[in-house]
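The residues making up each chain are set out below.
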Amino acid sequence: MRPSRITTAKAALLSALWITACSRASAPAPPLASTSEAQPAASTALHAGRPEQLSEEQMMPAAIGVVSAANVLRIQAGLPPLTASGTLMGLALARAQGMTASKYLGHEDPSGASPSAQELLQATGFRGPVGELVYGSQRNLEGLAADAVRAWEASPANRELLLSSKYRYAGVGIQGDGNWWKVSLLLAASEP
């Protein structure tokens, strides 16, 4: 599966949005989102949040939300915010698409059809520490970012990865299969 390309301009915009959102984190952060299953009805499948294939433009708000919420935690922990990487965004989208196509959620495709995150990152020139957090949900798209970060924060191993000072760059991919959203957050210490 070929990773989607996200332009440098889009990556710069994402980075600016994430840093802007995180600069507001100096005050106590509000709750990430309600945990209630009830969500307001919406007029389209995308707004209703049904897990489906997304274009880059449709995925961006939720992807921005994932890293923004992660950056709030990082800033509260005294760490610098993660910076958007166009390369990582494309690779993370490829990972989410691979999990969706092969119908699994994890770091390695049980069928072997898709490379692991580690293999994918190394093959594209990333050196040094790299990591991946994955999340699956049947809930609403609008709450997906907060739900994913909340789940990662609740897991000691995932929280440690999310709050590691080793990582400076991030990319998020989100894809749906009609039943489940698959989220891949890729982390890297440096860019290729």
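Just so we're clear, the structure is a prediction, and the values are computed from it rather than from any experiment.

> Can you help me understand the overall build of the protein in this one?
Regarding its fold elements, the protein presents seven helices and four strands. Sequence-ordered secondary structure for the protein, helices as α and strands as β, is α-α-α-β-α-α-β-α-α-β-β. Out of the 192 residues in the protein, the part that is buried amounts to 48%. Approximately 9100 Å² of the protein is accessible, and the part contributed by carbon and sulfur atoms is 56%.

> Is there a simple way to explain the pairing of strand β2 (residues 130-137) in this structure?
It is a general feature of regular strands that their side chains alternate between the two faces of the sheet. Among the eight residues in β2, eight count as buried, and that is most of the element. Neither face of β2 is open: one carries Val130, Glu132, Val134 and Gly136, the other Gly131, Leu133, Tyr135 and Ser137, and all of them are buried. In the sheet, β2 pairs with strand β4 (residues 181-188) via eight bridges, with the strands oriented antiparallel. When the sheet's bridge partners are listed, Gly131 is paired in β4 with Leu187.

> Which parts of the structure should I look at to understand the sheet that holds strand β1 (residues 83-84)?
Through backbone hydrogen bonds, the strands of a sheet pair up, either in parallel or in antiparallel fashion. Here we have four strands laid out as an open sheet, ordered β1-β3-β4-β2, and mixed in their pairing. In this open sheet, the two strands that pair with only one neighbour each are β1 and β2. Looking at chain direction, strand β3 (residues 169-176) and β4 are connected through eight bridges and run antiparallel. In the sheet register, Gly173 faces β4, and the bridge partner there is Ser184. Strand contacts of helix α3 (residues 56-76): β3 and β4, with the helix running at about 135° to β3, the strand carrying the most contacts. Against the sheet, helix α4 (residues 86-102) makes contact with β1, β2, β3 and β4, and its axis sits at roughly 30° relative to β3, the strand it touches most.

> What exactly am I supposed to notice about the confidence of the model for the protein here?
Scored by pLDDT, the protein has a mean of 75; 72% of the residues are at 70 or more. Here helix α2 (residues 45-48) stands out as the least confident element of the protein, with mean pLDDT 37; helix α7 (residues 156-162) is the most confident, with 96.

> Just to check I follow, could you spell out the pairing of β3 for this structure?
Of all eight residues in β3, eight are buried, a share of seventy percent or more. Here β3 shows a buried face lined by Tyr169, Gly171, Gly173 and Gln175 and a second buried face lined by Ala170, Val172, Ile174 and Gly176. Linking β3 to β4, which pair antiparallel, is a turn of four residues; within it Gly178 sits at a positive phi near 100°.

> Where do I start with the pattern of salt bridges in this structure?
Oppositely charged side chains can form a pair if their charged atoms are brought close together. This structure, assessed with the given rule, holds four salt bridges. We note a salt bridge from Arg139 to Asp147, for which the minimum N-O separation is 2.8 Å. Each member of the pair, Arg139 as well as Asp147, is classed as buried. Asp147 is the partner of Arg150 in a salt bridge, and the nearest nitrogen-oxygen pair spans 3.1 Å. One end of the pair is Arg150 and the other is Asp147, both in helix α6 (residues 144-154) and three residues apart, which spans about a single turn. Counted as one network, the salt bridges with shared partners bring together Arg139, Asp147 and Arg150.

> Honestly, the packing of aromatic side chains in this entry has me stumped. Any pointers?
Where two aromatic rings form a pair, the distance of their centres and the angle of their planes describe that pair. Under the criterion given, the structure shown has one aromatic pair. With a centroid separation of 6.5 Å and an interplanar angle of 80°, the aromatic rings of Tyr135 and Trp152 are classed as edge-to-face. With a gap of 17 residues between them, Tyr135 in strand β2 and Trp152 in helix α6 connect regions that are remote in the sequence. Trp152 matches Tyr135 in its accessibility class, with the two residues each being buried.

> Even after reading the chapter, I still don't get α3, so can you show me in this structure?
For an α-helix, the turn length of 3.6 residues means that residues three or four places apart are oriented alike. Over its 21 residues, α3 runs 29 Å from end to end, which matches the ideal 30 Å to within 8%, given 1.5 Å per residue. The principal kink in α3, of about 25°, is found at Ala62. With 15 of its 21 residues buried, α3 lies for the most part within the structure. Just downstream of α3 lies Gly78, where phi reads positive at about 80°.

Definitions and cut-offs
Residues numbered from 1 in each chain as written. Predicted model: local features only at pLDDT ≥ 70, side-chain atom pairs only at ≥ 80, totals over all residues. Heavy atoms only, no water. Helix = DSSP H or I, 4+ residues; strand = E, 2+ residues; numbered from the N terminus. Buried < 20%, exposed > 50% of the residue type's maximum accessible area, 1.4 Å probe, protein only. Areas by Shrake-Rupley, 256 points an atom, 1.4 Å probe, with all protein chains shown as cover. Pairing = 2+ DSSP bridges. Contact = heavy atoms within 4.5 Å. Axes fitted to C-alpha atoms, helices over the stretch in contact; angles between N-to-C directions. pLDDT = per-residue confidence, 0-100. Salt bridge = Lys/Arg side-chain N within 4 Å of Asp/Glu carboxyl O. Phe/Tyr/Trp six-rings, centres within 6.5 Å; stacked < 30°, edge-to-face > 60°. Expected span 1.5 Å × (residues − 1). Bend = angle between axes of the 7 residues up to and from the residue.

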